[in-house]
Amino acid sequence: MKKIKFLLISLFLISTIQSTQAQTDNDSLEISFKPYASFRGHLAVYDNEIALQENVSRVGAKIGIKKGNLTFLAATELHLSLFQGGASFNVDGNENNEFLDVTTVKNNQAFTNRIGYIGFDFEKYGTLTFGKQWSVYYDVASYTDQFTIFGGRASATYIGGTDGGTSGTGRANQSVIYRNQFGDFYLGAQAQVRGGDNNHFIDGFGFSAQYQIVKEIFIGASFNRAFLSNELINQHRIIGLDGQPTYYSAGIKYLGEKLTLSVLGAVEKNGDFSQGAYFNSNNDLINPTVVFDAKGFEFFANYQFKDFSVHGGYNLYIPDRKNIETENNQIPVSSNFKVNDVIFGLNYQPLKFIQVYAEQRLSFGRNALNVKDQSVFAVGMKIDISKTFNTKINAK
């Protein structure tokens, strides 16, 4: 039903724009409408198994209505599950779960919400947007999140298997974001207003700052803090939680004509969580939610040839096991717990809208329960289609 509604709205807007193409009154509105779709799927080989998986396919649209120096904005993007098989290896496909909500079963709905916002573009005075949207923390964390499938596991963006919506680090839920450019400086500020019962007026805030050193080189830093209930923190009911979730990142990127290089470092305090395990005094196995601090490092490199590109990189994420002891002095996460991934791959574009890709992840880390991360090889295809329609109509 959602798919039908989306197509009907798209057709209505396209027909409206085309039917008013000839109007050029001085007192006019400039309307732009950009529908797009990206269909992605691959075969993944891991643990002596092969699986057909979709790779975070999506459909969406962006709308702009301009009058003078003010543009009214709106955007929506839906995750389309092509094969109902989940995107188990692409963390960009994580779902919008609550902070501390450890889920083991994926939602297999055909459509789920990724992006949805409205806002204003004031031109030289910046943009102001409201809704579910990419955070200012991700302004910098995105430097290295450029792999076709893997990556993004060491920036503290997609924490706890979520899309970073509640924490405000990824696709931030119910956020108000202001962005502007001042010469070579790019600044962003964010507040989350989810109406959460946490004894705080707002539910989180963040900032980003980037500087363009020369045409090809950017440096940046970002900060984000989410607010939990002080009572939840002070009661020490969640193992390891002793303060508000806080995130820092800093990076540098080089965007050459053929070569792309980027490096990112991240630190989070009380900002990530996982399922742990320990035995209580009755020798019963307990699987609590465990909050931990961590440090992360990401590297990405890509070289573009005529019709294809090759890329490689590295993700390292090391949790801190201090201050997460249980009541009987056990540490409920493994001493081997970390992300340690080497990634490389290639992309080939035989036609304008078609891209064939292959990517390999070699994993040397283990999860909190000491289960080895899977090394994965995948080969697949992307079809990306978009079109921008522009027109003017009489504002009266």
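The structure reproduced in this document is the subject of the present report.

Calculation rules
- Residue positions within a chain follow its written sequence, with the count starting from 1.
- Only residues with pLDDT of 70 or above have their local features reported here, since the model is predicted, and side-chain atom pairs are shown and tallied only from 80 upward, although totals for entire chains, interfaces and linings are computed over all residues.
- Hydrogen atoms and water are omitted, and side-chain values are computed over all heavy atoms in the structure.
- Each helix is a run of H or I in the DSSP string that is no shorter than four residues. Each strand is a run of E no shorter than two, and both are numbered from the N terminus.
- Put simply, the radius of gyration uses C-alpha atoms, and a globule should come to 2.2 Å times the residue count raised to 0.38.
- In this scheme, a residue with accessible area under 20% of its type's maximum is buried, one over 50% is exposed, and one in between is partly exposed, where area comes from a 1.4 Å probe on protein chains only.
- Here a residue-residue contact requires only that any non-hydrogen atoms of the pair lie within 4.5 Å.
- Only the protein chains shown count as covering a residue, and every accessible area follows the Shrake-Rupley method with a 1.4 Å probe.
- Two rings belonging to Phe, Tyr or Trp (six-membered ring only in the last case) form a pair when the distance between their centres is within 6.5 Å. Interplanar angles under 30 degrees mark stacking, angles over 60 mark edge-to-face geometry, and anything in between is tilted.
- Just to be clear on terms, a salt bridge is a Lys or Arg side-chain nitrogen sitting within 4 Å of an Asp or Glu carboxyl oxygen.
- By nonpolar core is meant a set of buried Ala, Val, Leu, Ile, Met, Phe, Trp, Tyr and Cys residues that side-chain atoms within 4.5 Å join together.
- To count toward a patch, a residue needs a relative accessible area above 30% and no salt bridge. Like charges then connect within 9 Å, nonpolar side chains (Val, Leu, Ile, Met, Phe, Trp, Tyr) within 5 Å.
- One requirement defines pairing of two strands: DSSP has to find at least two bridges between them.
- In protein, a polar contact requires one atom able to donate a hydrogen and another able to accept it; more generally it is a pair of N or O atoms within 3.5 Å, and residues adjacent in sequence count only if both atoms are side-chain atoms.

**Here we look at the overall build of the protein chain**
So, step 1. Broken down by element type, the protein chain carries three helices and 20 strands.
So, step 2. A globule of 396 residues ought to have a C-alpha radius of gyration of about 21 Å, and the protein chain, at 22 Å, matches this closely.
So, step 3. The dimensions of the protein chain, computed from C-alpha atoms along their principal axes, are 80 × 50 × 50 Å.
So, step 4. Taken over 396 residues, the protein chain has a buried fraction of 47%.
So, step 5. The contacts in the protein chain between residues at least 6 apart in sequence include a share of 62% that link residues at least 24 apart.
So, step 6. Working note: accessible area of the protein chain is about 19900 Å², and carbon and sulfur atoms make up 57% of it.

**Some remarks on the packing of aromatic side chains**
So, step 1. Under the defined criterion, the tally for this structure stands at 18 aromatic pairs.
So, step 2. Relative to F273, the ring of F99 lies with its centre 5.2 Å away and its plane at 65°, an arrangement referred to as edge-to-face. Residue F99 is found in the loop between strand 4 (70-80) and strand 5 (111-121), and its partner F273 is found in strand 12 (residues 259-275); the two are separated by 174 residues along the sequence. For the pair F99 and F273, a shared accessibility class is recorded, and that class is buried.
So, step 3. Taken together, the ring pairs in this structure connect F205, F207, F223, F227 and Y248 into an aromatic cluster.

**Things to note about the pattern of salt bridges**
So, step 1. What the rule picks out here adds up to 10 salt bridges.
So, step 2. In this structure, R114 engages E77 in a salt bridge whose closest nitrogen and oxygen atoms are separated by 2.6 Å. Taken together, the residues span a long stretch of sequence, with R114 in strand 5 and E77 in strand 4 at a distance of 37 residues. Residue R114 shares its accessibility class with E77, and that shared class is buried.
So, step 3. Across the pair R179 and D139 runs a salt bridge whose closest N-O atoms are separated by 2.9 Å. Here R179, found in strand 7 (residues 171-182), pairs with D139, found in helix 2 (residues 137-141); they are 40 residues apart in sequence, far enough to count as distant.

**Some remarks on the nonpolar core**
What tends to happen in soluble globular proteins is that the nonpolar side chains get buried as a cluster.
So, step 1. Counting 34 residues, the largest nonpolar core has F99, L100, L241 and Y317 as its most contacted members.
So, step 2. At the level of elements, helix 2, helix 3 (230-234), strand 12 and strand 15 (289-304) are the ones that each hand at least two residues to this core.
So, step 3. Sequence-distant contacts of L100, that is, excluding residues within four places in its chain, are made with L232, I238, F273, T289 and V291.
So, step 4. With 12 residues, the next largest nonpolar core counts A44, F89, F147 and F150 among its residues.

**Considerations on a nonpolar patch on the surface**
So, step 1. Residues Y254, L259, L261, Y303, F305, F308, V310, L346, Y348, V356 and M381 make up a contiguous nonpolar surface patch of about 860 Å² in total accessible area.
So, step 2. When contributions to the nonpolar patch are tallied by element, the ones reaching two or more residues are strand 12, strand 16 (308-320) and strand 17 (339-351).
So, step 3. Examined against the element boundaries, Y348 turns out to sit in strand 17.

**Comments concerning the pairing of strand 16**
So, step 1. The sheet contact formed by strand 15 and strand 16 spans 12 bridges and is antiparallel. Bridged to G296 within strand 16 is Y317.
So, step 2. Between strand 15 and strand 16, which follow one another and run antiparallel, lie three residues.
So, step 3. Taken together, the 10 bridges between strand 16 and strand 17 define a ladder with antiparallel strand orientation. Paired with Y314 across the bridge in strand 17 is V342.

**A look at unusual backbone geometry**
So, step 1. The phi angle at N48 is positive, at roughly 60°, despite the residue not being glycine.
So, step 2. For N48, the location among the structural elements is in the loop between strand 1 (28-46) and strand 2 (49-54).
So, step 3. The backbone phi angle of N270 is positive, close to 55°, even though this residue is not glycine.
So, step 4. Inspection of the secondary structure assignment puts N270 in strand 12.
So, step 5. The buried category is assigned to N270, whose relative accessible area is 7%.

**A closer look at the side chain of H42**
So, step 1. Relative to the helices and strands, H42 resides in strand 1.
So, step 2. A distance of 2.8 Å separates a polar atom in the side chain of H42 from a polar atom in the side chain of Y357.
So, step 3. Setting aside chain neighbours within four positions, we find H42 in contact with A51, L52, Q53, N55, I149, Y357, A378, V379 and G380.

**Focus on the environment of N113**
So, step 1. The topology assignment puts N113 in strand 5.
So, step 2. Not counting residues within four places of it along the chain, the set of residues in contact with N113 comprises E77, L78 and K132.

**Thoughts on the environment of H311**
So, step 1. Tracing the chain through its elements places H311 in strand 16.
So, step 2. For H311, a relative accessible area of 8% gives the class buried.
So, step 3. Along the backbone, H311 and G68 are 243 residues apart, and their C-alpha atoms lie at a distance of 43 Å.
So, step 4. Leave out the neighbours within four places in its chain, and H311 touches F147, T148, F300, A301, N302, I343, F344, G345, L346, N347 and E359.
So, step 5. Only 3.4 Å separates the side chain of H311 from the side chain of N347, close enough to count as a polar contact.
So, step 6. At 2.6 Å, the side chain of H311 forms a polar contact with the side chain of E359.

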